[in-house]
Amino acid sequence: AQSVTQLDSQVPVFEEAPVELRCNYSSSVSVYLFWYVQYPNQGLQLLLKYLSGSTLVKGINGFEAEFNKSQTSFHLRKPSVHISDTAEYFCAVLNNAGNMLTFGGGTRLMVKP
Amino acid sequence: DAGITQSPRHKVTETGTPVTLRCHQTENHRYMYWYRQDPGHGLRLIHYSYGVKDTDKGEVSDGYSVSRSKTEDFLLTLESATSSQTSVYFCAIRTSGTSYNEQFFGPGTRLTVL
(Lines give C-alpha, C1' and ligand atoms only; values in the text may rest on other atoms or scores of the structure.)
Protein backbone atom coordinates (compact mmCIF):
# COMPACT_ATOMS: atom_id res chain seq x y z
CA ALA A 1 0.00 0.00 0.00
CA GLN A 2 1.13 3.49 -0.72
CA SER A 3 1.31 6.29 1.79
CA VAL A 4 2.20 9.96 1.87
CA THR A 5 3.49 11.89 4.86
CA GLN A 6 3.53 15.65 5.02
CA LEU A 7 5.79 16.42 7.90
CA ASP A 8 4.46 19.85 8.80
CA SER A 9 0.78 20.54 9.40
CA GLN A 10 1.37 24.31 9.43
CA VAL A 11 4.15 26.49 8.07
CA PRO A 12 4.14 30.20 8.96
CA VAL A 13 6.41 32.39 6.89
CA PHE A 14 6.87 36.08 6.19
CA GLU A 15 6.11 37.55 2.82
CA GLU A 16 9.03 37.42 0.34
CA ALA A 17 10.79 34.72 2.35
CA PRO A 18 11.58 31.30 0.84
CA VAL A 19 9.53 28.28 1.84
CA GLU A 20 9.81 24.50 1.64
CA LEU A 21 6.90 22.16 2.26
CA ARG A 22 8.02 18.61 2.92
CA CYS A 23 6.54 15.42 1.51
CA ASN A 24 7.71 11.85 1.88
CA TYR A 25 6.09 8.90 0.17
CA SER A 26 6.21 5.14 0.14
CA SER A 27 5.57 3.27 -3.07
CA SER A 28 6.70 -0.08 -4.32
CA VAL A 29 7.12 0.56 -8.03
CA SER A 30 6.86 3.43 -10.47
CA VAL A 31 6.23 6.76 -8.82
CA TYR A 32 3.95 9.47 -10.08
CA LEU A 33 3.77 12.38 -7.64
CA PHE A 34 1.58 15.46 -7.45
CA TRP A 35 1.21 18.66 -5.47
CA TYR A 36 -2.23 20.25 -5.21
CA VAL A 37 -3.17 23.61 -3.70
CA GLN A 38 -6.48 24.47 -2.04
CA TYR A 39 -7.33 28.12 -1.50
CA PRO A 40 -9.88 28.91 1.20
CA ASN A 41 -13.36 27.59 0.43
CA GLN A 42 -12.32 26.20 -2.92
CA GLY A 43 -11.58 22.83 -4.50
CA LEU A 44 -8.12 21.46 -5.23
CA GLN A 45 -6.01 22.76 -8.09
CA LEU A 46 -3.02 20.94 -9.57
CA LEU A 47 0.20 22.81 -8.83
CA LEU A 48 2.73 20.47 -10.45
CA LYS A 49 3.45 16.83 -11.15
CA TYR A 50 6.38 14.44 -11.49
CA LEU A 51 5.99 11.64 -14.01
CA SER A 52 9.52 10.85 -15.16
CA GLY A 53 12.63 12.55 -16.48
CA SER A 54 14.09 15.61 -14.80
CA THR A 55 13.86 15.43 -11.04
CA LEU A 56 13.23 19.17 -10.76
CA VAL A 57 9.67 19.98 -11.71
CA LYS A 58 8.34 23.47 -12.22
CA GLY A 59 4.71 24.32 -11.64
CA ILE A 60 2.37 27.26 -11.60
CA ASN A 61 2.75 30.41 -9.49
CA GLY A 62 6.56 30.05 -9.20
CA PHE A 63 6.51 26.77 -7.29
CA GLU A 64 8.88 23.91 -7.98
CA ALA A 65 9.49 20.48 -6.48
CA GLU A 66 12.35 18.06 -6.48
CA PHE A 67 11.92 14.31 -6.73
CA ASN A 68 14.50 12.45 -4.66
CA LYS A 69 14.23 8.70 -5.11
CA SER A 70 16.86 7.75 -2.54
CA GLN A 71 15.14 9.79 0.15
CA THR A 72 11.62 9.03 -1.13
CA SER A 73 10.83 12.72 -0.98
CA PHE A 74 9.07 15.28 -3.15
CA HIS A 75 9.49 18.61 -1.37
CA LEU A 76 7.79 21.73 -2.67
CA ARG A 77 9.67 25.02 -2.74
CA LYS A 78 9.20 28.66 -3.62
CA PRO A 79 12.02 31.22 -3.40
CA SER A 80 9.81 34.15 -2.43
CA VAL A 81 6.22 33.77 -1.21
CA HIS A 82 3.35 36.22 -1.49
CA ILE A 83 0.34 36.79 0.72
CA SER A 84 -1.75 35.19 -2.02
CA ASP A 85 0.10 31.88 -1.53
CA THR A 86 -1.70 31.40 1.77
CA ALA A 87 -3.50 28.09 1.23
CA GLU A 88 -3.39 24.41 2.08
CA TYR A 89 -1.04 22.24 0.06
CA PHE A 90 -1.44 18.52 -0.52
CA CYS A 91 1.09 16.01 -1.76
CA ALA A 92 -0.26 12.89 -3.49
CA VAL A 93 1.02 9.67 -5.07
CA LEU A 94 -0.66 7.67 -7.82
CA ASN A 95 -1.12 3.93 -7.36
CA ASN A 96 0.46 1.33 -9.65
CA ALA A 97 -2.76 0.80 -11.61
CA GLY A 98 -2.90 4.52 -12.28
CA ASN A 99 -6.47 4.90 -11.09
CA MET A 100 -6.22 6.12 -7.49
CA LEU A 101 -4.47 8.93 -5.66
CA THR A 102 -3.32 8.73 -2.06
CA PHE A 103 -3.03 12.11 -0.35
CA GLY A 104 -0.96 13.35 2.52
CA GLY A 105 -2.59 15.12 5.44
CA GLY A 106 -1.91 18.58 4.05
CA THR A 107 0.26 21.54 5.04
CA ARG A 108 -1.29 24.90 5.76
CA LEU A 109 0.97 27.67 4.50
CA MET A 110 0.38 30.95 6.28
CA VAL A 111 2.13 33.93 4.73
CA LYS A 112 2.39 36.94 7.02
CA PRO A 113 3.04 40.54 5.98
CA ASP B 1 -12.43 23.72 -14.17
CA ALA B 2 -13.05 20.51 -16.21
CA GLY B 3 -16.81 21.14 -16.15
CA ILE B 4 -17.48 19.60 -12.73
CA THR B 5 -20.36 20.74 -10.56
CA GLN B 6 -21.53 19.43 -7.22
CA SER B 7 -24.92 19.77 -5.58
CA PRO B 8 -25.85 20.78 -3.05
CA ARG B 9 -22.91 22.94 -2.04
CA HIS B 10 -23.98 23.00 1.60
CA LYS B 11 -26.28 20.71 3.53
CA VAL B 12 -27.26 20.31 7.16
CA THR B 13 -29.09 17.15 8.11
CA GLU B 14 -29.91 15.07 11.13
CA THR B 15 -28.49 11.77 12.27
CA GLY B 16 -30.27 8.81 10.71
CA THR B 17 -31.55 10.58 7.62
CA PRO B 18 -30.54 9.58 4.08
CA VAL B 19 -28.48 12.03 2.07
CA THR B 20 -27.52 12.02 -1.60
CA LEU B 21 -24.82 14.19 -3.09
CA ARG B 22 -24.55 14.69 -6.82
CA CYS B 23 -21.53 15.17 -9.05
CA HIS B 24 -22.06 16.23 -12.63
CA GLN B 25 -19.48 16.48 -15.40
CA THR B 26 -19.84 17.83 -18.91
CA GLU B 27 -16.86 16.24 -20.66
CA ASN B 28 -17.67 12.48 -20.71
CA HIS B 29 -14.71 11.37 -18.63
CA ARG B 30 -14.79 7.69 -17.81
CA TYR B 31 -13.38 7.84 -14.28
CA MET B 32 -15.10 9.72 -11.46
CA TYR B 33 -14.24 9.80 -7.77
CA TRP B 34 -15.71 10.75 -4.40
CA TYR B 35 -13.39 11.91 -1.62
CA ARG B 36 -13.96 13.26 1.85
CA GLN B 37 -11.70 15.89 3.39
CA ASP B 38 -11.12 16.07 7.12
CA PRO B 39 -8.51 18.08 9.05
CA GLY B 40 -5.25 16.21 9.37
CA HIS B 41 -6.32 13.46 6.99
CA GLY B 42 -6.08 15.21 3.67
CA LEU B 43 -8.44 13.69 1.13
CA ARG B 44 -9.50 10.07 1.45
CA LEU B 45 -11.11 8.10 -1.34
CA ILE B 46 -14.64 6.84 -0.64
CA HIS B 47 -15.65 5.23 -3.95
CA TYR B 48 -14.79 5.60 -7.57
CA SER B 49 -16.34 4.70 -10.90
CA TYR B 50 -14.68 3.55 -14.09
CA GLY B 51 -17.79 3.59 -16.26
CA VAL B 52 -21.56 3.47 -16.23
CA LYS B 53 -22.64 0.99 -13.54
CA ASP B 54 -18.98 0.18 -12.77
CA THR B 55 -17.87 1.22 -9.31
CA ASP B 56 -15.36 0.16 -6.69
CA LYS B 57 -14.59 0.90 -3.07
CA GLY B 58 -11.93 3.21 -1.79
CA GLU B 59 -10.21 3.59 1.55
CA VAL B 60 -13.23 4.78 3.59
CA SER B 61 -16.29 3.26 1.92
CA ASP B 62 -18.20 2.04 5.01
CA GLY B 63 -21.54 3.81 5.35
CA TYR B 64 -21.51 5.08 1.77
CA SER B 65 -22.91 3.82 -1.50
CA VAL B 66 -22.61 5.18 -5.03
CA SER B 67 -24.40 4.91 -8.32
CA ARG B 68 -23.62 5.86 -11.86
CA SER B 69 -26.45 5.37 -14.34
CA LYS B 70 -25.18 7.97 -16.80
CA THR B 71 -21.64 8.96 -17.78
CA GLU B 72 -22.14 12.51 -16.58
CA ASP B 73 -23.56 11.84 -13.10
CA PHE B 74 -22.01 10.14 -10.08
CA LEU B 75 -24.13 10.00 -6.93
CA LEU B 76 -22.91 9.47 -3.38
CA THR B 77 -25.49 8.27 -0.85
CA LEU B 78 -25.30 8.15 2.90
CA GLU B 79 -28.07 5.67 3.71
CA SER B 80 -28.30 6.75 7.36
CA ALA B 81 -26.11 9.75 8.11
CA THR B 82 -23.99 9.82 11.26
CA SER B 83 -22.10 12.67 12.91
CA SER B 84 -18.80 11.08 11.84
CA GLN B 85 -19.81 11.74 8.25
CA THR B 86 -19.72 15.49 8.80
CA SER B 87 -17.10 16.50 6.28
CA VAL B 88 -16.39 18.26 3.02
CA TYR B 89 -16.98 16.00 0.05
CA PHE B 90 -15.16 16.43 -3.23
CA CYS B 91 -15.87 14.87 -6.56
CA ALA B 92 -13.11 14.45 -9.12
CA ILE B 93 -12.68 13.25 -12.67
CA ARG B 94 -9.67 11.67 -14.27
CA THR B 95 -8.59 12.86 -17.66
CA SER B 96 -8.14 10.31 -20.41
CA GLY B 97 -5.71 10.09 -23.27
CA THR B 98 -2.67 10.65 -21.11
CA SER B 99 -0.26 8.36 -19.37
CA TYR B 100 -0.42 10.02 -15.98
CA ASN B 101 -4.11 10.21 -15.24
CA GLU B 102 -4.47 13.71 -13.90
CA GLN B 103 -7.43 14.36 -11.60
CA PHE B 104 -9.52 17.53 -11.52
CA PHE B 105 -11.73 18.41 -8.59
CA GLY B 106 -15.14 19.92 -8.14
CA PRO B 107 -15.89 22.80 -5.73
CA GLY B 108 -16.95 20.54 -2.85
CA THR B 109 -20.05 19.96 -0.71
CA ARG B 110 -19.97 20.82 2.96
CA LEU B 111 -22.14 18.35 4.88
CA THR B 112 -23.03 18.76 8.53
CA VAL B 113 -24.77 15.92 10.35
CA LEU B 114 -26.32 17.00 13.65
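Above this text sits the structure in question.
In this report, we go over the structure that sits alongside the text. (Residues numbered from 1 in each chain as written. Chains lettered and ligands numbered in written order. Predicted model: local features only at pLDDT ≥ 70, side-chain atom pairs only at ≥ 80, totals over all residues. Heavy atoms only, no water.)

1. Remarks on the interface of chain A and chain B
So, point 1. Between chain A and chain B, the residue contacts involve 21 residues of the former and 21 residues of the latter.
So, point 2. The junction of chain A with chain B conceals about 1,600 Å² of combined surface from both sides, 56% of it contributed by carbon and sulfur atoms.
So, point 3. It is Leu44(A), Asn99(A) and Phe103(A) in chain A that bury the most area against chain B; as a group they hold 28% of the surface buried on that side.
So, point 4. For the pair chain A and chain B, the interface holds one salt bridge.
So, point 5. Here Glu102(B) makes a salt bridge to Lys49(A), at a shortest N to O gap of 3.5 Å. (Contact = heavy atoms within 4.5 Å. Buried area = accessible area lost by both parts, 1.4 Å probe. Salt bridge = Lys/Arg side-chain N within 4 Å of Asp/Glu carboxyl O.)

2. Thoughts on the sheet that holds strand 7 (residues 64–70) of chain B
Residue and element names in this part refer to chain B.
So, point 1. Judged by pairing direction, the sheet is antiparallel, and its four strands sit side by side in the order 1-3-8-7 without closing on themselves. Strands with a single pairing partner mark the edges of an open sheet, and in this sheet they are strand 1 (4–7) and strand 7. If you compare each strand with its neighbour and ignore which way they point, the axes differ by 20° on average.
So, point 2. Bridge analysis of strand 7 against strand 8 (residues 73–78) gives five bridges, and the strand direction is antiparallel. Across the sheet, residue Ser67 finds its bridge partner in strand 8, namely Leu75. (Pairing = 2+ DSSP bridges. Helix = DSSP H or I, 4+ residues; strand = E, 2+ residues; numbered from the N terminus. Axes fitted to C-alpha atoms, helices over the stretch in contact; angles between N-to-C directions.)

3. Here's the deal with the packing of aromatic side chains
So, point 1. With the rule as written, the count across this model stands at 17 aromatic pairs over all chains.
So, point 2. When the centroid spacing of 6.5 Å and the interplanar angle of 85° are considered together, the rings of Phe90(A) and Phe103(A) count as edge-to-face. Of the two residues, Phe90(A) is situated in strand 10 (residues 87–94) and Phe103(A) in strand 11 (residues 101–103); the sequence distance between them amounts to 13 residues. No difference in accessibility class separates Phe90(A) from Phe103(A), as the two residues are buried.
So, point 3. A ring pair is formed by Tyr33(B) and Tyr35(B), whose centres lie 6.2 Å apart and whose planes are at 25°; its orientation type is stacked. Take Tyr33(B) and Tyr35(B): they sit in the same class, and that class is buried.
So, point 4. Sitting above the plane of the Phe14(A) ring, Lys112(A) keeps its charged end 4.7 Å from the centroid.
So, point 5. The ring centre of Tyr31(B) lies 3.7 Å from the NZ or CZ of Arg94(B), which sits over that ring. (Phe/Tyr/Trp six-rings, centres within 6.5 Å; stacked < 30°, edge-to-face > 60°. Buried < 20%, exposed > 50% of the residue type's maximum accessible area, 1.4 Å probe, protein only. Lys NZ or Arg CZ within 6 Å of the ring centre and 35° of its normal.)

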